[in-house]
Amino acid sequence: MDVTTTDSEDTMSVQGKAIIVTGASSGIGMATVQRLAEHGARIVFGARREDKLEELAGLLPSGRYAYAATDVSNFDDVQHLVDLSVERFGKVDALFNNAGIMPLSTLSEGKRDDWQRMLQTNIMGLLNGISAVLPVMHRQGYGHILATGSMAGYNLYPGAAVYCGTKFAERAIMEGLRREEHGNGIKTTYVAPGMVDTQLYESIGDEARSQEVVSAWHEHNHSLTPDDIARFVEFAIAAPERMVINEVSIRPLAED
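Keep in mind the model is a prediction, meaning the values are calculated, not measured.

Peer 1: So what exactly am I meant to see when it comes to the overall build of the chain here?
Peer 2: Each helix and strand in the chain was counted, giving seven helices and seven strands. Secondary structure of the chain in N-to-C order comes out as β-α-β-α-β-α-β-α-β-α-β-α-α-β. Counting every position in the chain, which comprises 256 residues, the buried fraction comes to 50%. Taking all contacts inside the chain whose residues are at least 6 apart in sequence as the whole, residues at least 24 apart take part in 68%.

Peer 1: Looking at this model, I keep getting lost on the pattern of salt bridges. Mind explaining?
Peer 2: Between side chains of opposite charge, pairing is possible as soon as their charged atoms come close. Evaluated as defined, the whole model comprises 10 salt bridges. Asp227 serves as the salt-bridge partner of Arg35, at 3.1 Å between the closest nitrogen and oxygen. Of the two residues, Arg35 is situated in helix H1 (residues 27-38) and Asp227 in helix H7 (residues 226-238); the sequence distance between them amounts to 192 residues. A salt bridge links Arg178 to Glu175, with the shortest nitrogen-to-oxygen separation between them at 2.8 Å. Separated by three residues within a single helix, Arg178 and Glu175 lie in helix H5 (residues 161-181), roughly one turn from each other. Of the residues examined, Arg178 reaches a relative accessible area of 25% and is grouped as partly exposed. Take Glu175: its relative accessible area is 25%, and that puts it in the partly exposed class. Each of Arg35, Asp227, Arg231 and Glu234 takes part in one network of salt bridges that share partners.

Peer 1: What is the right way to read the packing of aromatic side chains from this model?
Peer 2: By the definition in use, this model includes four aromatic pairs. Relative to Tyr65, the ring of Phe45 has its centre 6.2 Å away and its plane inclined at 45 degrees; by these criteria the two rings are tilted. Of this pair, Phe45 sits in strand E2 (residues 42-47) while Tyr65 sits in strand E3 (residues 65-69); the two residues are 20 residues apart in sequence, bridging distant segments of the chain. Given a relative accessible area of 0%, Phe45 falls into the buried group. For the ring pair Phe45 and Tyr67, a centre distance of 5.4 Å and an interplane angle of 20 degrees mean the geometry is stacked. With Phe45 in strand E2 and Tyr67 in strand E3, this residue pair connects regions lying 22 residues apart in the sequence. Given a relative accessible area of 28%, Tyr67 falls into the partly exposed group. An aromatic cluster is defined as three or more aromatic residues linked by ring pairs; in this entry it consists of Phe45, Tyr65 and Tyr67.

Peer 1: Quick question: what am I supposed to make of the pairing of strand E6 (residues 186-193) here?
Peer 2: The two faces of a sheet get side chains in turn, since along a regular strand they alternate between them. Counting buried positions over the eight residues of E6 gives eight, a clear majority of the element. Because side chains alternate across E6, one face comprises the buried residues Ile186, Thr188, Tyr190 and Ala192, and the other comprises Lys187, Thr189, Val191 and Pro193, equally buried. Direction of pairing for strand E5 (residues 143-148) relative to E6: parallel, over a ladder of six bridges. Counterpart to Thr148 in the pairing with E6 is Val191. With H5 bridging E5 and the parallel E6, this β-α-β connection has right-handed handedness. Direction of pairing for E6 relative to strand E7 (residues 247-250): parallel, over a ladder of four bridges. Each bridged residue has a counterpart across the sheet, and for Pro193 the counterpart in E7 is Ile250.

Peer 1: What is the right way to look at the sheet that holds E5 in this model?
Peer 2: Strand order in the open sheet formed by seven strands is E3-E2-E1-E4-E5-E6-E7, and the pairing between neighbours is parallel. With one partner strand each, in any of the chains shown, E3 and E7 form the two edges of the open sheet. Sheet twist, expressed as the mean angle between neighbouring strand axes with direction ignored, is 15 degrees. Sheet topology places strand E1 (residues 18-22) next to E2; five bridges connect them, and they run parallel. Bridging from a neighbouring strand, Thr22 pairs with Gly46 of E2. Lying on the sheet, helix H3 (residues 75-89) is in contact with E1, E2 and E3; it crosses E3 at an angle near 160 degrees. Where H7 meets the sheet, it contacts E1, strand E4 (94-97), E5, E6 and E7, and its direction lies at approximately 160 degrees from that of E5.

Peer 1: For this particular structure, what's the right way to read H7?
Peer 2: For an α-helix, the turn length of 3.6 residues means that residues three or four places apart are oriented alike. The end-to-end C-alpha separation of H7 is 18 Å, in line with the 18 Å expected for 13 residues at 1.5 Å each. Taken as a whole, H7 has its buried residues at Pro226, Ile229, Ala230, Phe232, Val233, Glu234, Ala236, Ile237 and Ala238. Summarising the contacts, the buried residues of H7 are in contact with E1, H1, E4, E5, E6 and E7.

Peer 1: Is there a simple way to explain the packing of H3 against helix H4 (residues 112-140) in this structure?
Peer 2: The relative placement of two packed helices comes down to the angle between their axes together with the axis-to-axis distance. It is at 8 Å that the axes of H3 and H4 come closest, and there the two elements cross at 35 degrees. For the crossing formed where H3 meets H4, the hand is right-handed. Here Phe75, Val78, Gln79, Val82 and Val86 of H3 come into contact with H4, specifically with Asn128, Gly129, Ser131, Ala132, Val133 and Val136. Taken together, the residues of the contact of H3 with H4 sort by class into seven nonpolar, four polar and no charged.

How each quantity is defined
Residues numbered from 1 in each chain as written. Predicted model: local features only at pLDDT ≥ 70, side-chain atom pairs only at ≥ 80, totals over all residues. Heavy atoms only, no water. Helix = DSSP H or I, 4+ residues; strand = E, 2+ residues; numbered from the N terminus. Buried < 20%, exposed > 50% of the residue type's maximum accessible area, 1.4 Å probe, protein only. Contact = heavy atoms within 4.5 Å. Salt bridge = Lys/Arg side-chain N within 4 Å of Asp/Glu carboxyl O. Phe/Tyr/Trp six-rings, centres within 6.5 Å; stacked < 30°, edge-to-face > 60°. Pairing = 2+ DSSP bridges. Right-handed = clockwise from strand over helix to strand, strands pointing away. Axes fitted to C-alpha atoms, helices over the stretch in contact; angles between N-to-C directions. Expected span 1.5 Å × (residues − 1). Left-handed = near helix turned anticlockwise from the far one by under 90°. Nonpolar A, V, L, I, M, F, W, Y, C, P; charged D, E, K, R; others polar.

If you want it as structure tokens, here you go:
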């Protein structure tokens, strides 16, 4: 998607913007990094799998990126990404909080370790990103914070109560951020995809349950591609300064 318009006052472009992306080692994060870099953005990206980050870096134009192994549940790791953007590019135009996991289980299974990992990654990861980047954006007087949510932030599914709870929480946090920071020139965008063909489903944990979910979705062609979401993220970041898309759901056409 080419988001550049012909009206000079409303040129929609990510050219020259410094953008941080977490969860960049696969799926939506990787697709977003590639798309933004292709259209001239300066990218700082992170994920836990450093080998995957190195592979991604090899696909990008030299001089336009920086990366670091990042566990978003660790505030210092996220702060390091923000510092990298300021040191390398002098600013942070946008932060895309994209990292997340989805281990599924019923509440009666009592998988407290999985629940804790979801809370730390999905919720604290988002909060760590917000906390690390807000001081920079306050000094700049502008910025844009985006988060990958889910349709699970609107609906509850049996076997996914805790995951849905984290996504409801993300949505509430992003709305709170909007109300607190829009007067400071800071945009917020909560992106809620439906089914997207990514490696997120590998984090379900139960192999049989994971295979059942993925097979059912593929059978009915119920999947978006990571680049579908990356196209929207580019559009949202490139929007004119007077405009912000605060919340959006993106579903496959065939999804019920």
